Amino acid sequence: MKVLVLGSGGREHAISKKIAESKLVDKIFVAPGNAGTSIDFENIPISVNDFEKIGEFILNEGINLLVVGSEDPLVKGIRNFLEKDDKYKNLLIIGPDASAAQLEGSKDFAKEFMFKYNIPTAAYFKAEKSNYDDAVKFMKNLNPPYVLKANGLAAGKGVIIEPDFETACKELKEMLHGKFGNASEKVLIEEFLDGVECSVFVITDGKDFVLLPEAKDYKRIGEGNTGPNTGGMGAVSPVSFFEGDFKNKVLQKIVIPTIKGIQKEKMNYKGFIFFGLINVKGEPYVIEYNVRMGDPETEVVMPRIKSDLVEILIAAAKGNLKDTNIDIYSDICTTVILASKGYPGNYETNIEISGLENISDSIIFHAGTKLVQGRIFTSGGRVLAVSSLGKTMEEALKKSYTSAKKINFENKYYRRDIGFDL
Ligand code: AMP
Ligand code: GLY
C-alpha cells in the first residue's frame, strides 16, 4: 500500500520510519517533509493545510492511508474535506474530524467534555470580556500561581503561569484584548496542579483503543526545567511512575471514560489521542488532550513499538480495533533535541549540518532541516532528535549524548540533563 504522512517534524519522520518497517507498505510520501524524510522517503511540496492539493495528490498517486501528523489540518477539517467526497471513499485516514478535534482545538470544549464524563482535571472558569469581574473573583479564591490559557490554538504559547495576582489580572485583560489574537477571546483560568507530568498515547477507532508506550517530555529550554516553554527539548520512555496503581488509575479514570465519552458523543474519531497528564501525589489529572502524537515524544515512542504499526492504523481507520494487541520492547528510549541557539526566540537558519554519517548508536529523526544539492542545512528551531535505545536509562542517554556531540552545526544548543529527574 501507499502511505502519505502530513507534517515536517521529528514526529513525522519517526512515524514514517516506523511505517516503513511494515511489510504492507510499498511507498511512503511525506508532505511537506524535511531533509530526513526526503532522504528516506519522498517529499511532496504541499502544505499540510492545502486540502485541495493534498486531495489531488491522493487520487493521482493512489494513496491508501493518510496519517495526519499535526493538529492544525485536523482542527481545520481535513477529514471532513476528504469524507464529503465519494472520490476518497477507499482512503483510510488517521486523525479525527474537525468537531472531535475540538478536544485539542478548544480548551473550553475539552473541559466541558471532561466534566461531563467525570474525568479528573483542574477546576476552571471560562473568562470573556463580558465576565471579567467574575473571572477576577474566581482567581482570588485560587492559590497562586495562576494558570491562564488561551482557549484556541496558539502554537503552544497560549499558557501563562503567573505567581503574582495583580500581574495575572493584567495578563488576563491583555489576553482577552487580543494578546493571542482570536485564540484568547476566551481564556480559561485554572487551578494550578502541582505534580509531575507524563504523556500517555492511544490509538483509537472511536470505540476501542490500543495503549502505546508512555513518555515524559522536557518542555523548558533550560536545564533543571528553567526558562521559556518550547515544543519539547527531549523525552524519555518509559516513565518510571507510570505503573501499578497509578497506571491503573489512568486507564480506569481517564482513558476508558474518554473513549466512552467519544463513543457516546458519536465523535468521528479514528486516530491518536495524546493525554497530557499530571501526577499529583499519585492521582492522575488531565492537563490537556491533543488529537495527535507529541513531538518529541513520538521520537521515543515509535522505536519502542515492536508490532506492525500499519496493521494497527488500518484496524483503527476501519473501526476494527477490538482485540488488536500491541507488543512493546522493554528497552528504554531517550531523545535529545539539537536546537538552534536562540530558540524558542529568534535564531539563525541555513547553517550546514555535518557529522551525521558518524552516527551508529542512535536514530536521527530530522525536524527543522532541509536538503540542498545533497547537503543538509538547518531550517528551524528544533533541528534534530537524537534517539537511542538502551537496557537502562543511563545506557540510552549515554548513546544520545555521545551522538549529539558528533553532530555539528554552528549555534547548536541542547539540554544536558534530559532524564535527570527519573
Ligand atoms: P497546555 O498547553 O495546556 O499543555 O499547558 C502547557 C503547560 O502548562 C503544561 O504542560 C503544564 O506544564 C502547564 N500547565 C497547564 N495547566 C496547568 C495546571 N492546571 N496546573 C499546572 N500546570 C499546568
Ligand atoms: N511535546 C508536547 C506536544 O507535542 O504537544
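Coordinates for the structure precede this section.
Residues numbered from 1 in each chain as written. Chains lettered and ligands numbered in written order. Predicted model: local features only at pLDDT ≥ 70, side-chain atom pairs only at ≥ 80, totals over all residues. Heavy atoms only, no water.

Caption draft 1: Up close: the overall build of the chain. Assigned secondary structure in the chain consists of 13 helices and 23 strands. Relative to the compact-globule value of 22 Å for 422 residues, the chain shows a C-alpha radius of gyration of 21 Å, a close match. Across the chain, every contact between residues at least 6 apart in sequence was considered, and the portion connecting residues at least 24 apart equals 68%. When the accessible area of the chain is evaluated, it comes to approximately 18000 Å², of which 47% is carbon and sulfur surface. With 54 positive and 58 negative side-chain charges, the chain shows a separation of 1 Å between the mean positions of the two kinds. (Helix = DSSP H or I, 4+ residues; strand = E, 2+ residues; numbered from the N terminus. Rg over C-alpha atoms; globule rule 2.2 N^0.38 Å. Contact = heavy atoms within 4.5 Å. Areas by Shrake-Rupley, 256 points an atom, 1.4 Å probe, with all protein chains shown as cover. Lys, Arg positive; Asp, Glu negative; His and termini not counted. Charge placed at Lys NZ, Arg CZ, Asp CG, Glu CD.)

Caption draft 2: Geometry of the nonpolar core. Core analysis: the largest hydrophobic core is formed by 50 residues, its most contacted members being Leu4, Leu66 and Tyr289. No other element matches the seven residues that helix H10 (residues 244-264) contributes to this core. The residues contacting Leu4, other than those within four sequence positions of it, are Phe29, Val30, Ala31, Ile54, Phe57, Ile58, Ile63, Leu65, Leu66 and Val67. Counting residues in hydrophobic clusters, the runner-up holds 45 residues, among them Ile28, Leu92, Ile94 and Val301. (Core = buried A, V, L, I, M, F, W, Y, C linked by side-chain atoms within 4.5 Å. Buried < 20%, exposed > 50% of the residue type's maximum accessible area, 1.4 Å probe, protein only.)

Caption draft 3: Structural detail: empty space enclosed by the protein. Summed over all chains, the structure comprises one cavity of 30 Å³ or more. Here the largest cavity is characterised by a volume of approximately 80 Å³. Elements that contribute at least two residues to the lining of the largest cavity include exactly helix H6 (102-105), helix H7 (107-116), strand S9 (187-190) and strand S17 (283-290). The element best represented in the lining of the largest cavity is H7, accounting for four residues. Tallied by class, residues from the lining of the largest cavity come to six nonpolar, no polar and six charged. (1 Å grid on protein atoms, 1.4 Å probe; cavity = no way out; pocket = protein on both sides within 12 Å on 5 of 7 lines; lining within 4 Å. Points joined across faces, edges and corners; volume = space filled by probe spheres on them. Nonpolar A, V, L, I, M, F, W, Y, C, P; charged D, E, K, R; others polar.)

Caption draft 4: Spotlight on the site of ligand 1. By nearness alone, 14 residues border ligand 1, and Glu190, Glu191, Leu193, Glu197 and Glu288 come closest of all. With respect to ligand 1, the side chain of Lys107 contributes an N or O atom lying 3.4 Å from an oxygen atom. A distance of 2.8 Å is found between a nitrogen atom of ligand 1 and a backbone nitrogen or oxygen belonging to Leu193. Contact with the protein chains removes 89% of the 470 Å² of surface that ligand 1 exposes when unbound. Among the secondary structure elements, those contributing two or more residues to the shell around ligand 1 are strand S7 (146-150), strand S8 (159-162) and S17. (Near = heavy atom within 4 Å. Polar contact = N/O pair within 3.5 Å; in protein donor to acceptor, adjacent residues only side chain to side chain.)

Caption draft 5: View of the layout of surface pockets. Here the second largest pocket is characterised by a volume of approximately 180 Å³. Forming the walls of the second largest pocket are His13, Lys17, Gly36, Ile39, Asp40, Leu356, Ile363, Ile364, His366 and Ile376. Going through the elements one at a time, helix H1 (10-20), helix H2 (35-40) and strand S19 (363-366) are the ones with two or more residues in the lining of the second largest pocket. Split into classes, the residues belonging to the lining of the second largest pocket amount to five nonpolar, three polar and two charged.

Caption draft 6: Spatial organisation of the site of ligand 2. Taken together, Asp217, Gly231, Phe274, Arg292, Gly294, Asp295, Pro296 and Glu297 make up the full set of residues adjacent to ligand 2. The backbone of Asp295 places a nitrogen or oxygen atom 2.9 Å from a nitrogen atom of ligand 2. A distance of 2.8 Å separates a nitrogen atom of ligand 2 from a polar side-chain atom of Glu297. A total of 200 Å² of accessible area belongs to ligand 2 in isolation, and the protein chains cover 88% of it. Looking at the shell around ligand 2, its residues break down into two nonpolar, two polar and four charged.

Caption draft 7: Fine view of unusual backbone geometry. The omega angle of the peptide bond from Ala31 to Pro32 is -10°, so this bond is cis rather than trans. In the segment running from Ser237 into Pro238, the intervening peptide bond is cis, with an omega of 0°. Mapped onto the elements, Pro238 comes out in the loop between strand S15 (234-237) and H10.

Caption draft 8: Region of interest: the environment of Val372. Turning to its location among the elements, Val372 is positioned in strand S20 (residues 369-372). Exposure remark for Val372: the relative accessible area of 34% places this residue in the partly exposed category.

Caption draft 9: Broad picture of the sheet that holds strand S16 (residues 271-280). If you walk across this open sheet you meet the four strands as S11-S10-S16-S17, and the pairing is antiparallel. Of all the strands in the sheet, just strand S11 (209-211) and S17 have a single pairing partner and so form its edges. Pairwise comparison of adjacent strand axes, ignoring direction, gives a mean angle of 35° for this sheet. Relative to S16, strand S10 (residues 196-204) is paired through nine bridges, and the arrangement is antiparallel. (Pairing = 2+ DSSP bridges. Axes fitted to C-alpha atoms, helices over the stretch in contact; angles between N-to-C directions.)

Caption draft 10: Inspection of the state of the cysteines at higher detail. Counted by the stated rule, this structure contains zero disulfides. Among the cysteines around Cys198, which has no disulfide bond, Cys333 carries the closest sulfur, lying 16 Å off. A residue is classified by how much of its surface remains accessible, and Cys198, at 3% relative accessible area, is buried. (Disulfide = S-S within 2.5 Å.)

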